[in-house]
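So the chains spell out like this:
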Amino acid sequence: MNTQTDSSPHRAGIAEWTDPAGLRHAAAVSVWGRWLILAVALVLMAYRPDYTLAIQVSYSLLALLAMSYNAYVHFLVRTGRNVRWQSLLVLSAMDVVLITGGTAVGGELGTLCFLLYYPALGMFAAVFSSFRISFAWVTMTAVLYGVVALTTGEGLDVAAKEEKVLIARITAMYGVVVVVTLIAGFERVRRLEAVERVREQERERQLQMERLQLSQIIHDTIAQSAYVLRLGIESAIAAEDPSNREQVARLRAMHELSRSTMWELRHPIDIDLIFRGRELGTVLEAHAATFTNITSIPTEVVCSGEEPPLSTVTRGLLFAIAHNALANALRHASASKVTITLDFKDNALRMSISDDGIGLPSDYAEHGRGFTSMETDAEQMGGTLEVSSGQSGRGTAVTCVVPYEEDPDAS
């Protein structure tokens, strides 16, 4: 196909009639089929010496013209060059003219030259994806064949005696086009779906590569700078005069902010392991160890059962929920310990992040977007999210239950 774009309505319509993805394949198949048609046409001339010289010359020139153009298209296919839909349309027109000419030369309804209509019409229907266009083409061909059958040889006398034969042949033309169009349509849909899946996978791989690069950049630049800033603040706090309470309070607030910032930066850094195909339990263990290093809050991961293959999307969303729950424990809970529990059951997994902090206020859902974001992530996986406090009002547990996917992609 020509790669140049044209916004005209005519070109837009043609784009709907043809299948760009399968055009080269159709061209490659049709040129070989056309060689057969041309060979039969030449054999027909060789075995009918009773033709007049004018008929032999005219038909031979037409066959040679079709052969030359078919050779040109074959050359384009073999050399990997673009094949235009117009070229295949011209070849199809040559097929009809050549076969109709052979039928007219035969001059009898009994000549078998009409059989070549069927592969020619089948090739046309395979190339052009619109049933309306194929229907119009077979109608034109049927009219030409009918006119030839009724006006050559014994003409109307033969057609009147064998009209059922003529009708059956024309009906078979429509049948060939209908069957080939249906089969080609199903194949196109399957091929286009496969192409779209490949494109989607390529887009996902590209997105993952960009995420990996971003996580590496954050790790090498921003996260390192935040870590140095935190060390500087801790040194300033250690050297500060305790009597200057206002300055000490400011330094401690900056210290808490630096810890919170460092933790938020760990999300794009540690999710890198998810995109590299690591299991959820392994990633959360590394994430929990980092949380302990940054916050000095002991955090452990407890797993039960065997982790099944989970898609990248599912592991990424569960990781995001765990990260947000840990962020809440750092900022609001005043917790001294956090536990992440992963329970892999037969038909679902259960992940719980619990702390021993001060618990939740009654209007916790109205503060910030953290819990709303976690609920949205759980719903996207087809799961549920529950947030609860301990019996004495202390401690918070964020629990997410997600059913396993029917056809997981553990990429």
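These numbers come from a predicted model, not from an experiment.

K.L.:
Hey, could you go over the sheet that holds strand β2 (residues 338-344) for me, with residue numbers and the actual values?
P.N.:
Pairing within the open sheet is mixed, and its 5 strands lie in the order β1-β2-β3-β5-β4. At either end of the open sheet lies a strand with only one pairing partner, and these are β1 (299-304) and β4 (384-389). In this sheet, neighbouring strand axes are inclined to one another by 15° on average, regardless of whether the strands run parallel or antiparallel. Pairing analysis gives 6 bridges linking β1 to β2, with the strands arranged parallel. Bridging across to β2, T299 finds its partner in V338.

K.L.:
Describe in detail helix α5 (residues 117-127), supporting the description with residues and values.
P.N.:
For an α-helix, 3.6 residues make a turn, and residues three or four places apart therefore share a direction. The buried fraction of α5 amounts to 9 of the 11 residues, a majority that puts the element mostly inside the structure. Within α5 the residues assigned to the buried category are Y117, Y118, A120, L121, G122, M123, F124, A125 and V127.

K.L.:
Outline a nonpolar patch on the surface, listing residues and values.
P.N.:
On the surface, F131, F135, V178, L182 and F186 cluster together into a nonpolar patch covering about 500 Å² of accessible area. Sorting the residues of the nonpolar patch by element identifies α6 (131-151) and α8 (163-220) as the ones contributing at least two each. Per element, the largest residue contribution to the nonpolar patch is 3 residues, and it comes from α8. Summarising the element assignment, L182 is placed in helix α8. Relative accessible area serves as the criterion here: at 51%, L182 is assigned to the exposed category.

K.L.:
Help me get a handle on the packing of aromatic side chains, residues and values and all.
P.N.:
Counted according to the given criterion, the structure contains 7 aromatic pairs. Measuring from ring centre to ring centre gives 6.2 Å for F114 and Y145, while their planes differ by 25°; the resulting arrangement is stacked. Separated by 31 residues along the polypeptide, F114 in the loop between α4 (85-106) and α5 and Y145 in helix α6 bring together distant segments of the chain. Judged on exposure class, the residue F114 and its partner Y145 are both buried. Here the aromatic rings of Y117 and Y145 are separated by 5.4 Å at their centres, their planes lie at 65°, and the arrangement is edge-to-face.

K.L.:
Just give me the short version of the packing of α5 against α6, but keep the residues and values in it.
P.N.:
One way to put it is that α5 packs onto α6 with a least axis distance of 10 Å and a crossing angle of 160°. Classified by the angle between their axes, α5 and α6 sit roughly antiparallel to one another. Note that α5 runs across α6; the crossing there is right-handed. For the pair α5 and α6, the contacting residues are Y117, L121, F124 and A125 in the first and I133, S134, W137, V138, T141 and Y145 in the second. Among the residues forming the contact of α5 with α6, the class breakdown is 8 nonpolar, 2 polar and no charged.

Parameters and conventions
Residues numbered from 1 in each chain as written. Predicted model: local features only at pLDDT ≥ 70, side-chain atom pairs only at ≥ 80, totals over all residues. Heavy atoms only, no water. Pairing = 2+ DSSP bridges. Helix = DSSP H or I, 4+ residues; strand = E, 2+ residues; numbered from the N terminus. Axes fitted to C-alpha atoms, helices over the stretch in contact; angles between N-to-C directions. Buried < 20%, exposed > 50% of the residue type's maximum accessible area, 1.4 Å probe, protein only. Patch = residues over 30% accessible without salt bridge, like charges linked within 9 Å, V, L, I, M, F, W, Y side chains within 5 Å. Areas by Shrake-Rupley, 256 points an atom, 1.4 Å probe, with all protein chains shown as cover. Salt bridge = Lys/Arg side-chain N within 4 Å of Asp/Glu carboxyl O. Phe/Tyr/Trp six-rings, centres within 6.5 Å; stacked < 30°, edge-to-face > 60°. Parallel < 35°, antiparallel > 145°, perpendicular 65-115°, else oblique. Left-handed = near helix turned anticlockwise from the far one by under 90°. Contact = heavy atoms within 4.5 Å. Nonpolar A, V, L, I, M, F, W, Y, C, P; charged D, E, K, R; others polar.

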